[in-house]
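# Remarks on the overall topology
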2 protein chains.
Amino acid sequence: MVTIKDIARTLGVSVGTVSKALNGRDDVGDELRARIIDTARELRYEPDPIARRLVTKRSRTLGVFMLDRQGFGVRRNFGWLFLDGILRGAAARDYDLVLFSNTDDTRYERSYIDICRSRRVDAAIIVGLRGDDRYLEDVLNAPIPVALIDTEVSGGTATFVSSDNKAGAALALEHLAFLGHEKVATLRAPFSYPGRLRYEAWAEFAAARGRYRDDYIRDGDFTPESGMAAAAAFASMKDMPTAIFAASDLMAIGLIRGFERLGVRVPEDVSIVGFDDIPNADLVGPALTTVAQDTLGIGQAALDAVLDELDSGSRREEILVAPRLVVRRSCAAPGGAPDFLPEGSPAASRGVRRTP
Amino acid sequence: MVTIKDIARTLGVSVGTVSKALNGRDDVGDELRARIIDTARELRYEPDPIARRLVTKRSRTLGVFMLDRQGFGVRRNFGWLFLDGILRGAAARDYDLVLFSNTDDTRYERSYIDICRSRRVDAAIIVGLRGDDRYLEDVLNAPIPVALIDTEVSGGTATFVSSDNKAGAALALEHLAFLGHEKVATLRAPFSYPGRLRYEAWAEFAAARGRYRDDYIRDGDFTPESGMAAAAAFASMKDMPTAIFAASDLMAIGLIRGFERLGVRVPEDVSIVGFDDIPNADLVGPALTTVAQDTLGIGQAALDAVLDELDSGSRREEILVAPRLVVRRSCAAPGGAPDFLPEGSPAASRGVRRTP
DNA sequence: CTCTCTGTCGAAAACGTTTTCGATTCCAGC
DNA sequence: GCTGGAATCGAAAACGTTTTCGACAGAGAG
């Protein structure tokens, strides 16, 4: 390992000067600086990040916590996809990422912030923090910049980044309206914060059109099973809706499976639109039309938030990133052909994407 | 931040003694050691990992590279699952994980091993390395322990860890045989190494039963589209197989979608079994029966491999971890009811798992 | 010519550990 | 009483940087 001393020795200068030259300080002569840079390159010198951290007290690393909600967020959902966005952002700004997870109990007898402290990370991004987490207090009062992704809590000094749930739901509802649906129901998940927002969008949309009906509301818990149950409930109605907006893909797929079992066809008899765009949502029965969370954008936004706070000290309360409607095959005009998709959909102007 | 000096000062001893006491050296008195440990706890002292690394030259961190094969491994959310296993193993052995990805081009103008060197990580785990990677040479001659996951290359000093593909395929084929299938075809992916192994298992199985037929072999490329094409080809045969073993879930789902379009029912008319157990494979049309890769086990095995090599210097060429058959609804007895699953399946004795 | 200022460089401390080596004490054994 | 060794502790170097401060030269101003 070639150190700064080696290049100091070969040039007959002091290590301090080498350090200053390499770091672009202005108190070193142009000619000498050039020679230092040359031999540094020649010797294939790379500064030791460890030694640098020891003196600068900044580690240029940030901790990422992937919190496992008993397999809910991580295994089938897209928790990992956020990581992709974080990763790209970190690479672009030359930060390192150290990864933690709370699946192992022995290690997480300590608060996440405590772990950050002991690992000397500059900032933290936590994905999947729940409102009843036992370390919630610590997180909200953290002495370092913290960004929260895919979480249901609010308040405190952390910055929250999530999809713009109401705008996303509006995208889906506008698409259904454009297809000609008047009787659109919702399968909501009112126990969660994003679930409530998505429902509110539905309620406002329905009310604005004079189409609000209490019996077009069913409650689920984000599981496919609750979707199947809701399908049975909807199918037994005398005035069945022609379209259903589900608060999550998992429930939307549950609806599809439920209707399938009951012999009602999707999308011929009823259109279904989900929310999330979980992995392989394009492969389930009729490929799912859904509003896709911009997981990459969310991850990058979270990273930028903590790093900006680190640099400038300016903290942002909340960051909403726009989702995108991706139309596939689970929605059609009421009674129309499944492939019908008129040009000029209002959703199209906002970045609709069509995939096979 | 309370340092080792604080402890030394409050106790009136030297820092060296404190360090030795805390690290369990034997040249410090029992009574003094007890007092040191007490005040360390009292002062909430935590050793600074940065300073420690500087002197010990071991960072207790390892680099993980998630290589993106243009969205193939990563976006479908398979690669990330390995990370979960790696994470748990690292937590158990008190190592930190720094994460890299090659999605950002600017950062990866350098070899992965070069990055490890500059980041001073002790070992590396690379998931998704391709045989035509431009840094392949560097990886195979790396001066640090390296484990390769989900890769198609071999040779060199790295240790390869993957599913036992032949055993897994055998699991699926035995299950089909037990259900009563005599005419089982395969949709293979011969361009990839695991694909070839899975095919070989089919060929051996078929040959052993005198059921080998060239026209029961179709080739795909791991995409759902190739599965749909194969479905059309199989459906047009005069002597159509009653079961198909697909070399991947994506192709298996493609088969299902293709048959669905042609009006042949799964599993009533043809049984289909896949390989991988990708996320949400239980939600596609008929829930997919498949052989599940033990992603957790693979990740942990990779981690143990590099860490053991670090500790003892003993390297392992290859590690095969056993997959598991998970039976759902895409397989049935030929002409039988979809829910038929006889007791005492031979696969059951090897850890078959049944999920709704 | 002297004084001050600017530009350029080196010396040294500092960051928080670990580890080596030597010093000191104490006690057993002769 | 002296020697030898074991037990216990401290001093100091070392790891590879960054940063502060002072030294020195030269130049420009008075």
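Everything discussed here concerns the structure shown above.
These notes cover the structure that comes with them. (Residues numbered from 1 in each chain as written. Chains lettered and ligands numbered in written order. Predicted model: local features only at pLDDT ≥ 70, side-chain atom pairs only at ≥ 80, totals over all residues. Heavy atoms only, no water.)

## As for the protein's contact with DNA strand C
In the region of DNA strand C, 29 residues are neighbours, and Thr17(A), Lys20(A), Gly29(A), Ser19(B) and Arg25(B) sit closest. The separation between a phosphate oxygen of DNA strand C and a polar side-chain atom of Thr17(A) is 2.5 Å. Lys57(A) places a polar side-chain atom, nitrogen or oxygen, 3.5 Å from a phosphate oxygen of DNA strand C. Looking at the surface near DNA strand C, the elements with two or more residues in it are helix 2 (15-22) and helix 4 (49-56) of chain A together with helix 1 (4-11), helix 2 (15-22) and helix 4 (49-56) of chain B. (Near = heavy atom within 4 Å. Polar contact = N/O pair within 3.5 Å; in protein donor to acceptor, adjacent residues only side chain to side chain. Helix = DSSP H or I, 4+ residues; strand = E, 2+ residues; numbered from the N terminus.)

## Description of the pairing of strand 6 (residues 184-188) of chain A
All names here are of chain A. Summarising burial for strand 6: five of the five residues are buried, a large majority. Neither face of strand 6 is left uncovered, since the one carrying Val184, Thr186 and Arg188 and the one carrying Ala185 and Leu187 both have all their residues buried. In this structure, strand 6 lies alongside strand 8 (residues 243-246), joined through four bridges in parallel fashion. Opposite leucine 187, over in strand 8, you have alanine 246 as the bridge partner. Two elements, strand 6 and strand 7 (residues 217-219), share three bridges in a ladder whose sense is parallel. Each residue of the ladder has a partner; that of threonine 186, found in strand 7, is isoleucine 217. For the crossover from strand 6 across helix 10 (residues 193-208) to strand 7, the handedness is right-handed. (Buried < 20%, exposed > 50% of the residue type's maximum accessible area, 1.4 Å probe, protein only. Pairing = 2+ DSSP bridges. Right-handed = clockwise from strand over helix to strand, strands pointing away.)

## Quick notes on the interface of chain B and chain A
At the interface, 54 residues of chain B touch 54 residues of chain A. On inspection of chain B and its partner chain A, the count reaches ten salt bridges. Asp48(B) serves as the salt-bridge partner of Arg120(A), at 3.8 Å between the closest nitrogen and oxygen. Summed over the shared surface of chain B and chain A, the number is twelve residue pairs in polar contact (both at pLDDT 80 or more). Listing elements by their share of the side of chain B that touches chain A, those giving two or more residues are helix 4, helix 5 (79-92), strand 2 (96-101), helix 6 (112-119) and helix 11 (249-262) of chain B. (Contact = heavy atoms within 4.5 Å. Salt bridge = Lys/Arg side-chain N within 4 Å of Asp/Glu carboxyl O.)

## Details of the protein's contact with DNA strand D
Every one of the 29 residues lining DNA strand D counts as a neighbour, but Ser19(A), Arg25(A), Thr17(B), Lys20(B) and Gly29(B) are closest to it. Note that a phosphate oxygen of DNA strand D is positioned 2.5 Å from one of the side-chain N or O atoms of Ser19(A). A distance of 2.6 Å separates a phosphate oxygen of DNA strand D from a polar atom in the side chain of Thr17(B). Listing elements by their share of the surface near DNA strand D, those giving two or more residues are helix 1 (4-11), helix 2 and helix 4 of chain A together with helix 2 and helix 4 of chain B. Residues of the surface near DNA strand D, tallied by class, amount to eleven nonpolar, nine polar and nine charged. (Nonpolar A, V, L, I, M, F, W, Y, C, P; charged D, E, K, R; others polar.)

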